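Chain by chain, the residues run as shown.
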Amino acid sequence: MSNQSYQYASSTYKKVGVDTEAALEALSKVRISIHCWQGDDVSGFEGSGDLSGGIAATGNHPGKARDAQELMADFDLALSLIPGKHKLNLHAIYAIDAQGVPRDKLEPKHFEKWVEYAKERGLGLDINPTLFSHPMAADSLTLSHPDKTVRDFWIDHCIAMRKVGEYFGRELGITCLNNVWIPDGYKDVPADRIGPRARLKDSLDKIFAEKIDKKYLLDSVESKVFGLGLESFTVGSHEFYLNYAAKNDLLCLLDNGHYHPTELVSDKIPSMLLFADNLALHVTRGVRWDSDHVVLLDDETKEIAKEIVRCHALDKVLIGLDYFDASINRIAAWVTGVRNMQKALLQALLMPHDRLKDLQDKQDFTRLMVENEELKTYPLGYVWEEFCKRHGVPVRDKWLDIVEEYEKDYQLNRD
Ligand code: RNT
Ligand code: ZN
């Protein structure tokens, strides 16, 4: 029966020149970098308390992971419900058995257990230095701080994490992405804009001075428009990092919560790809601000996926997710976001892009609009079901029953 549904979908797409088998094959090769921090509201294992840096996880759904064991167990459940092979994205604050080790002294050995975990599951690992939720970042200034002692601490931390990333790449045989994001900014109109940016530039030069084999490690820098309490000025702005990355052969990481609301990351992707070999993304959903809601199958997610696919850039764009919703079951949040990113990619892979481009070039905008609109109700769902089945994960919303059972048996006993 279900096979019949897939056959029907396959023949429907075939009529517009789309091969569903090729789409399924292409999608199965895409590793999404899944952020570990959805599992515990960006708390980490240092036990130091509140999230800082102008970002916030809101909500108080019970059952968040309290330690590495719980986070790993929760993530295992999420993985069992997500089709395909992926990457796990870690932050420095998720070091294991590193109690009392200052962030600038973290070493690969503090991440050995994650490597073991990843190896057993065929996962890749990504890393982020953590330049927030720390006494040295209490004033939301880190790499651009006027005090050299503070800057040096964070420079050393970033260098330490590059070594951890290199270790991940070497151990797993899957290139690690090390992404630097800093909160630095001012609440009110600054008296000096170039000074903090010059200091940030100098700090980055020191962090990236050592060349590390790109087979193991790629480095990216993530810009932002503003943070909570830092509304007037962001040191690491888009222009700053765009230029810094281009000049220093680093990747730009575009987080779609980090731009003005009518500015779209989907539109930036082709421009970036004309000038850079690789590009990194944090796919998220900002509601009114950089609120980091769970990724839905919404228009911008679909448009991002379309750009990646029609630029033939599935192997050039490193797709990561970045959201942290504490108001719902955190495993369900992971599964929903990743599956939606995959659905968006599948939908993009099931479009006759050459034909549509041709209509644009011929300026047949009537037919272009009509065909695009008709494609929206093509039987994507049956192809998605087939993908889930082939990868041995539940179809449609069946996976939620499993999460709910786990929540009852394990998560609700945690608080
Ligand atoms: C913050 C950035 C950054 C963080 C994570 C936790 O606005 O998006 O990527 O969300 O590093
Ligand atoms: Zn981000």
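Because the structure is a prediction, the values reported are computed rather than measured.

Asker: When you look at the overall build of the protein chain in this model, what are you seeing that I'm missing?
Answerer: Counting secondary structure elements, the protein chain contains 14 helices and 10 strands. Taken over the C-alpha trace, the protein chain has a radius of gyration of 22 Å; the compact-globule value for 415 residues is 22 Å, and the two agree within 12%. The C-alpha extent of the protein chain, read off along each of the three principal axes, is 65 × 55 × 40 Å. Going through the 415 residues of the protein chain one by one, you find that 56% of them count as buried.

Asker: Just checking my understanding: could you explain the packing of helix α9 (residues 299-310) against helix α10 (residues 330-349) for this structure?
Answerer: Geometrically, a packed helix pair is captured by the angle between its two axes and the distance between the axes. Remark: α9 packs on α10, axes separated minimally by 8 Å, with the N-to-C direction vectors making an angle of 50°. In terms of orientation, α9 lies oblique with respect to α10. Crossing handedness for the pair α9 and α10: right-handed. Touching T301, K302, A305, K306 and V309 of α9 are M341, A344, L345, Q347, A348 and L349, all from α10. Among the residues making up the contact of α9 with α10, the classes are represented as seven nonpolar, two polar and two charged.

Asker: Looking at this structure, I do not really get the coordination of the zinc ion (ligand 2). What am I missing?
Answerer: A metal bound by six donors in octahedral fashion has ideal angles of 90 or 180 degrees, whereas one bound by four tetrahedral donors has an ideal angle of 109.5 degrees. In this structure, E222 (OE), D255 (OD), H282 (ND1) and D322 (OD) serve as the protein donors to the zinc ion (ligand 2), at separations of 2.1 to 2.2 Å. One can describe the donor arrangement at the zinc ion (ligand 2) as octahedral, given that its six donor atoms subtend angles of 71 to 170° at the metal. Of note, the zinc ion (ligand 2) draws all its donor residues from one chain, in the sequence arrangement E-x32-D-x26-H-x39-D. In this pair, E222 sits in strand β6 (residues 217-222) while H282 sits in strand β9 (residues 279-283), placing the two residues 60 residues apart along the sequence. For the pair E222 and H282, a shared accessibility class is recorded, and that class is buried.

Asker: Would you explain the pairing of strand β8 (residues 251-255) in this entry?
Answerer: Every regular strand shows the same layout, with side chains that alternate between the two sheet faces. Burial runs high along β8: five of the five residues are buried. A two-sided burial pattern is seen for β8, the buried positions comprising L251, L253 and D255 on one face and C252 and L254 on the other. When β6 meets β8, the two strands line up parallel, connected through three bridges. Across the sheet, V221 pairs through a bridge with C252, a residue of β8. Pairing of β8 with β9, which is carried by three bridges, proceeds in the parallel orientation. Note that in β9 the partner of D255 across the bridge is H282. At this point the chain moves from β8, through helix α8 (residues 265-273), to the parallel β9, and the crossover so formed is right-handed.

Asker: Looking at this model, I keep getting lost on the side chain of Q342. Mind explaining?
Answerer: Topologically, Q342 is positioned in helix α10. If near-sequence neighbours (up to four positions away) are discounted, Q342 is found in contact with L27, I32, I82, P83, H86, W384 and F387.

Asker: Help me out: how do you make sense of helix α6 (residues 194-207) in this one?
Answerer: Note: α-helices contain 3.6 residues per turn, so residues at a spacing of three or four share the same orientation. Between its first and last C-alpha, α6 extends 20 Å over 14 residues, near the 20 Å set by a 1.5 Å rise per residue. Buried residues of α6: G195, P196, L200, S203, L204 and I207, and no others.

Asker: Would you take a moment to explain the nonpolar core for this structure?
Answerer: The biggest cluster of nonpolar side chains holds 119 residues, and the ones touching the most others in it are L90, W114, L143, F168 and L281. Ranked by the residues each element gives to this core, the list is headed by α10, at 12 residues. If sequence neighbours within four positions are ignored, F168 has contacts with L90, F111, V115, L125, D126, I127, G173, I174 and C176.

Asker: Even after reading the chapter, I still don't get the site of ligand 1, so can you show me in this structure?
Answerer: The local shell around ligand 1 consists of W37, I55, H91, W181, E222, K224, D255, H258, H282, D290, D322 and F324. In the model, an oxygen atom of ligand 1 is placed 3.3 Å from a nitrogen or oxygen of the D290 side chain. Isolated, ligand 1 exposes 310 Å² of accessible area, and the fraction of that covered by the protein chains is 99%. Among the residues forming the shell around ligand 1, the class breakdown is four nonpolar, three polar and five charged.

Asker: Just checking my understanding: could you explain the packing of helix α3 (residues 68-81) against helix α14 (residues 398-409) for this structure?
Answerer: It is at 10 Å that the axes of α3 and α14 come closest, and there the two elements cross at 165°. By the angle between their axes, α3 is roughly antiparallel relative to α14. Crossing hand, α3 versus α14: right-handed. Within the contact between the two elements, α3 uses A73, D74, L77 and L81 and α14 uses W399, I402, V403 and Y406. Within the contact of α3 with α14, the residues separate by chemical class into seven nonpolar, no polar and one charged.

Asker: Before we go on, may I ask you to explain the packing of aromatic side chains in this structure?
Answerer: The final tally for this structure, using the stated rule, is 14 aromatic pairs. A ring pair is formed by Y186 and F233, whose centres lie 6.0 Å apart and whose planes are at 15°; its orientation type is stacked. Residue Y186 is located in strand β5 (residues 185-186), and its partner F233 is located in strand β7 (residues 233-234); the two are separated by 47 residues in the primary sequence. According to the relative accessible area criterion, Y186 is partly exposed, its value standing at 26%. Judged by relative accessible area, which is 3%, F233 ranks as buried.

Asker: I tried to follow unusual backbone geometry on my own but got confused; where do I start?
Answerer: Of all residues except glycine, most have a negative phi; of all peptide bonds, most are trans. A positive phi angle, near 55°, is found at D97, a position not held by glycine. Positionally, D97 belongs in the loop between β2 (87-91) and α4 (112-121). With a relative accessible area of 60%, D97 lands in the exposed category. The residue S133 is not glycine, and still its phi comes out positive at about 50°. Residue classification places S133 among the buried positions, given a relative accessible area of 11%.

Asker: Looking at this structure, I do not really get the environment of V101. What am I missing?
Answerer: When you line up the elements, V101 lands in the loop between β2 and α4. The spacing of V101 and E46 is 55 residues in sequence and 9.3 Å in space, taken between C-alpha atoms. V101 has contacts with L106 and H110, leaving out every residue within four places of it along the chain.

Reading guide: rules and limits
Residues numbered from 1 in each chain as written. Chains lettered and ligands numbered in written order. Predicted model: local features only at pLDDT ≥ 70, side-chain atom pairs only at ≥ 80, totals over all residues. Heavy atoms only, no water. Helix = DSSP H or I, 4+ residues; strand = E, 2+ residues; numbered from the N terminus. Rg over C-alpha atoms; globule rule 2.2 N^0.38 Å. Buried < 20%, exposed > 50% of the residue type's maximum accessible area, 1.4 Å probe, protein only. Axes fitted to C-alpha atoms, helices over the stretch in contact; angles between N-to-C directions. Parallel < 35°, antiparallel > 145°, perpendicular 65-115°, else oblique. Left-handed = near helix turned anticlockwise from the far one by under 90°. Contact = heavy atoms within 4.5 Å. Nonpolar A, V, L, I, M, F, W, Y, C, P; charged D, E, K, R; others polar. Donors = N, O, S within 2.8 Å, 3.2 Å for Na, K, Ca; no water. Tetrahedral: all angles 85-135°; square planar, octahedral: opposite > 155°, others 65-115°. Pairing = 2+ DSSP bridges. Right-handed = clockwise from strand over helix to strand, strands pointing away. Expected span 1.5 Å × (residues − 1). Core = buried A, V, L, I, M, F, W, Y, C linked by side-chain atoms within 4.5 Å. Near = heavy atom within 4 Å. Polar contact = N/O pair within 3.5 Å; in protein donor to acceptor, adjacent residues only side chain to side chain. Areas by Shrake-Rupley, 256 points an atom, 1.4 Å probe, with all protein chains shown as cover. Phe/Tyr/Trp six-rings, centres within 6.5 Å; stacked < 30°, edge-to-face > 60°.

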